[in-house]
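Observations on chain architecture
Spelled out from the first residue to the last, the chains are:
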Amino acid sequence: EPEVTQTPSHQVTQMGQEVILRCVPISNHLYFYWYRQILGQKVEFLVSFYNNEISEKSEIFDDQFSVERPDGSNFTLKIRSTKLEDSAMYFCASSGGQDYGYTFGSGTRLTVV
Amino acid sequence: GESVGLHLPTLSVQEGDNSIINCAYSNSASDYFIWYKQESGKGPQFIIDIRSNMDKRQGQRVTVLLNKTVKHLSLQIAATQPGDSAVYFCAEKNNAGNMLTFGGGTRLMVKP
């Protein structure tokens, strides 16, 4: 069964450092997403990406965040200057359309120290 | 007081019994709904979905019911097994975009 793959599984970084979280969405999917889940809390939407541009973003997705699809397979989330409160599980997801096939990866646990 | 995280409602069932997990949603413009299962340290795993033009959909051992009148969604799991123990989230999408909004989750504990 096709999977969304995320690397690394765990990233520890110092406050103020830049991090890049990587994702390989399902190959024939067209929509790509990043969500995050602070420990013990709900899964929260960050951003959606379609046709090589951001289609929606939440209030969480401020100027410190950016996304990129540098080639035909990878989808990345960059946090420019990490803060302690950025510590969370970050999930990448992809879908074949707006109403089907939302598949999540197993996440990257980001710990900012 | 300081919030230490989301307090999850817990449903405890005996192995072999049926489970019903409920979810209330608030956006009447939501047109697509998904149930996800999340095990500790893992990502949300798709279980079943339903569009707003339906009120019931069945999968293998699972059934989703949608009541748009009262904005209520339920997940029924037949013959619950220990492997079903997890946190279950409902998620909704409104017809204006493709963002999923997740509910708070319910922890299902299956007693052998």
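Look a little higher up for the structure.
Every value quoted in this text rests on a predicted model; they were computed, and no experiment measured them.

Scoring rules and cut-offs
Residues numbered from 1 in each chain as written. Chains lettered and ligands numbered in written order. Predicted model: local features only at pLDDT ≥ 70, side-chain atom pairs only at ≥ 80, totals over all residues. Heavy atoms only, no water. Disulfide = S-S within 2.5 Å. Helix = DSSP H or I, 4+ residues; strand = E, 2+ residues; numbered from the N terminus. Buried < 20%, exposed > 50% of the residue type's maximum accessible area, 1.4 Å probe, protein only. Phe/Tyr/Trp six-rings, centres within 6.5 Å; stacked < 30°, edge-to-face > 60°. Salt bridge = Lys/Arg side-chain N within 4 Å of Asp/Glu carboxyl O.

All names here are of chain A. Applying the stated criterion across every chain, the model contains 2 disulfides over all chains. Cys23 shares a disulfide with Cys92; S-S distance 1.9 Å. Every disulfide takes its handedness from the sign of the S-S torsion; for Cys23 and Cys92 that torsion is -65°, giving left-handed. With Cys23 in strand 3 (residues 19–24) and Cys92 in strand 9 (residues 88–95), the pair connects residues that are 69 residues apart, well separated along the chain. Residue classification places Cys23 among the buried residues on the basis of a relative accessible area of 0%. With relative accessibility at 0%, the residue Cys92 sits in the buried group.

The full count for this structure, using the stated rule, is 18 aromatic pairs over all chains. Taking 5.8 Å as the distance between ring centres and 80° as the angle between the ring planes, the aromatic pair formed by A:Tyr35 and B:Phe102 counts as edge-to-face. Pair noted here: A:Tyr35 is in strand 4 (residues 31–37) and B:Phe102 is in strand 9 (residues 100–102), and the two residues belong to different chains. On the basis of an interplanar angle of 80° and a centroid distance of 6.2 Å, the ring pair of B:Phe89 and B:Phe102 is categorised as edge-to-face.

This part covers the pattern of salt bridges. The final tally for this structure, using the stated rule, is 5 salt bridges over all chains. Here A:Arg36 and A:Glu44 are joined by a salt bridge, their closest N and O atoms 3.2 Å apart. Taking the shortest distance from any N to any O, the salt bridge between B:Glu39 and B:Lys42 comes out at 3.9 Å. For B:Glu39, a relative accessible area of 28% puts it in the partly exposed group. Owing to a relative accessible area of 46%, B:Lys42 belongs among the partly exposed residues under this scheme.

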